[in-house]
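What follows is each chain in one-letter form.
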Amino acid sequence: MIPAPFEYDAPTTLEEAIGLLQKYGDEAKILSGGHSLIPMMKLRFASPERLIDINGIAGLSHISEENGTVKIGALVREVEAEHSDLLKKHFPIFEDVTHLIADPQVRNMGTLGGNLAHGDAANDHPAVMIALGATVIATGPDGERAIPIDEFFYGFYMTALQHGEILTEIQIPVPPAGTSSAYHKLERKVGDYATAGVAVQLTLDANGVCTAAGIGLTNVNPVPLRAARSEAALIGKTLTTETIAEAAKYASEDCSPSSDLRGSEEYKRDMVAVLVKRMIKKASERILI
Amino acid sequence: MKEITITVNGTAHTLQVENRLLLVHFIREVLNLTGTHIGCDTSSCGACTILLNGKSVKSCTVLAVQANGKEIQTVEGLAPEGSLHPLQEGFKENHGLHCGFCTPGMMMRASELLQNNPNPTEDEIRWGISGNLCRCTGYNNIVKAIQYAGAKIRGEELPSTEPEFV
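Just so we're clear, the structure is a prediction, and the values are computed from it rather than from any experiment.

With that settled, consider the nonpolar core. Of all hydrophobic cores here, the largest spans 37 residues; its most connected members are Ile72, Phe94, Met129, Phe152, Ile170 and Ile172 of chain A. Elements that contribute at least two residues to this core include exactly β5 (69-73), α4 (85-90), α5 (93-100), α7 (112-117), α8 (125-132), β6 (135-140) and β10 (166-173) of chain A. Of the residues that make up this core, three or more belong to each of domain 2 (63-173) and domain 3 (179-288) of chain A. Residue contacts for phenylalanine 94 of chain A: discarding those within four places in its chain leaves Ile72, Ala81, Leu87, Leu112, His125, Met129, Leu132 and Ile172 of chain A. Ranked by size, the runner-up nonpolar core spans 33 residues in total, among them Leu51 of chain A together with Leu21, Phe26 and Val65 of chain B.

Here it is, written out as structure tokens:
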């Protein structure tokens, strides 16, 4: 399978890339890791007239901590996130999620920025970023703009990125002590999209009372979903079996999965409930360790 | 069309290519290096795995223009002519292939795996080749072949290559 013909640019600065995006508008697509876009182009689901390859732009591959915020450059590869000591220290969820994304070769190419900018509710990082309360930095002709993750996903392959903007960085607040996180997705085979996936970050105080909770759901809704009622059900409570069951029930009710080859709607709702319970337990056990 | 320079197995090639030319077609059809196979053509099977600047990637899902200025290693570049790389020896000694279609991709993936982790556990090997499909062997002999290559690279005593009868 061969993509339809296209023009190709490989700018070496962000300014140049933004200029090209402004000039060519919807005709152009950003090429990052390419492991969502190129398969779509080969299948002719996508036929952009121009690719703007941003891989040669310096300064988009950092993972750093600054003033209580972890900053992840848009071109950080999945494999780099998988092995980052800084991410491991604050967010054990990254080891969970990167291990479950595609396979080692794809993780050598795929980027965190691309995983979000693709705007696919089947991708895994959207739910993780919802759980972690991330902010997406978009850089455009007028400079940088911070977009809270809850305002980033609009619809099927649609995000808040505007004409001429490139996703350049992901910022995640360093959580307080007593916080941990976990992710799991049910998949039919290695590298599959999730039948259902759940990301959880929890903060517990010294008495075991939950003071903060973030829960994101993968591939069970038209857009990546924050399980807001589930989060509210945990806050101010100790994590008893009943509390956890209530949070799981809300998530299974509030998502909107479609029946497909991966399972029926009913099955997926059940799996959301199971995974919410398990990830709350896993994240809270990591806090106690 | 774009002029690109790609170093393949140590030799630089400067050529005009169509933007949409896939790296695997560049390797197989432009350079006639047919050791890299096309299996699924959808980045699932790993038969087209090559090393791009030392990282294993699926060349069916990379454009040739993306490899401009970079170094590629294919299975033809694993060992000098007339000799075998420890992985090739491992696959031979352990019957790590039946039809052989997945073998080049398996070996290129395993070469990066052993580069990063010269002494992987069986679990690490199985996860490490999770992006490569084999429809003949049941994987056991592939895992043994990679263990054999690891031991050889580490300079340790080689594991038995006697087949196991269950």
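After presenting the structure, the write-up continues.
All names here are of chain B. Contact geometry for helix α2 (residues 86-93) and helix α5 (residues 140-154): axes closest at 8 Å, N-to-C directions at 135 degrees. Comparing their axes, α5 and α2 come out oblique. Helix-helix and strand crossings are classified by hand; for α2 and α5 the assignment is right-handed. Residues Pro86, Leu87, Glu89, Gly90, Phe91 and Glu93 of α2 pack against Ile142, Ala145, Ile146, Tyr148, Ala149, Lys152 and Ile153 of α5. Per-class residue counts for the contact of α2 with α5 are nine nonpolar, one polar and three charged.

Turning our attention to the domain arrangement of chain A. Partitioning chain A into structural domains gives domain 1 (7-53), domain 2 (63-173) and domain 3 (179-288). Computed from C-alpha coordinates alone, the two centres of domain 1 of chain A and domain 3 of chain A are separated by 35 Å.

Residue and element names in this part refer to chain A. The side-chain alternation of strand β3 (residues 50-53) yields two buried faces, one formed by Arg50 and Ile52 and the other by Leu51 and Asp53. Relative to β3, strand β1 (residues 7-9) runs parallel, the two being bridged by three bridges. Bridge pairing in β3 links aspartate 9 to isoleucine 52. With four bridges connecting them, strand β2 (residues 28-31) and β3 associate as parallel partners. Residue leucine 31 lies in a different strand from β3, and its bridge partner there is aspartate 53. Since β2 and β3 lie parallel, the crossover through helix α2 (residues 37-42) that links them has a hand, and here it is right-handed.

How each quantity is defined
Residues numbered from 1 in each chain as written. Chains lettered and ligands numbered in written order. Predicted model: local features only at pLDDT ≥ 70, side-chain atom pairs only at ≥ 80, totals over all residues. Heavy atoms only, no water. Core = buried A, V, L, I, M, F, W, Y, C linked by side-chain atoms within 4.5 Å. Buried < 20%, exposed > 50% of the residue type's maximum accessible area, 1.4 Å probe, protein only. Helix = DSSP H or I, 4+ residues; strand = E, 2+ residues; numbered from the N terminus. Domains from an automatic or database assignment. Contact = heavy atoms within 4.5 Å. Axes fitted to C-alpha atoms, helices over the stretch in contact; angles between N-to-C directions. Parallel < 35°, antiparallel > 145°, perpendicular 65-115°, else oblique. Left-handed = near helix turned anticlockwise from the far one by under 90°. Nonpolar A, V, L, I, M, F, W, Y, C, P; charged D, E, K, R; others polar. Pairing = 2+ DSSP bridges. Right-handed = clockwise from strand over helix to strand, strands pointing away.

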